[in-house]
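Overview (structure and organization)
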Amino acid sequence: MADHQEASVTLPSDPASVPTARRFVAEVLDGWGLGGADEPADAIRLMVSELATNAVLHTFGQSPTFTVDVRLEREERLHIGVTDSHPRWPRRLPAAVQQDNGRGMVIIRSLAAEAGGRLSVTPTEEGGKTVWITLPWTPATASYV
């Protein structure tokens, strides 16, 4: 496997794109020999679903597309990012609002931390942002994802 691999796709900011984003990441990881149908793979698919959903719902139609990037560096770190053009960064919603929604970032942060990874947000040059999941990746991880 190469020291650095990456793939990306840009999708319309539409709810129908969420499962497409999830499938894209699963297919990329599978193509790199990292696919699977167990708990770590399920966690990655859930995190991608939550990030893509946020890019669609919380940009209030001001981001016509979103981009999903997948990068594997030296078989040590897996980075998955979702970029949109809306300037507002993710934020935790008040508890009363969380009854119906607002749990996505908490879920992502928890799943990433459980896997020894982290969640971060970086600005784009165009004024939007990328929400990143960074996970440690070892040959042992690859054998079961």
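The paragraphs below set out a description of the structure included in this document. (Residues numbered from 1 in each chain as written. Predicted model: local features only at pLDDT ≥ 70, side-chain atom pairs only at ≥ 80, totals over all residues. Heavy atoms only, no water.)

Now for helix H1 (residues 17–31). The terminal C-alpha atoms of H1, which comprises 15 residues, lie 21 Å apart, in line with the 21 Å expected from a rise of 1.5 Å per residue. Among all positions in H1, only Ser17, Val18, Ala21, Phe24, Val25, Val28 and Leu29 are buried. The buried residues of H1 all sit within an arc of 120° when viewed along its axis, so they share a single face. Turned more than 90 degrees away from the buried face of H1 sit Glu27, Asp30 and Gly31, all of them exposed. (Helix = DSSP H or I, 4+ residues; strand = E, 2+ residues; numbered from the N terminus. Expected span 1.5 Å × (residues − 1). Buried < 20%, exposed > 50% of the residue type's maximum accessible area, 1.4 Å probe, protein only. Arc of directions from axis to C-beta.)

Take the sheet that holds strand S3 (residues 77–84) next. Pairing is antiparallel across the open sheet formed by five strands, whose spatial order is S1-S2-S3-S5-S4. Pairing within the sheet leaves two strands with one partner each, and these edge strands are strand S1 (4–12) and strand S4 (118–123). When strand polarity is set aside, the average angle formed by the axes of neighbouring strands in this sheet is 15°. Here S3 runs beside strand S5 (residues 129–136); their pairing, made up of eight bridges, is antiparallel. Residue pairing across strands places Gly81 opposite Trp132, the latter belonging to S5. Its contacts with the sheet place H1 against S1, strand S2 (65–73) and S3, and it is angled at close to 15° to S2. (Pairing = 2+ DSSP bridges. Axes fitted to C-alpha atoms, helices over the stretch in contact; angles between N-to-C directions. Contact = heavy atoms within 4.5 Å.)

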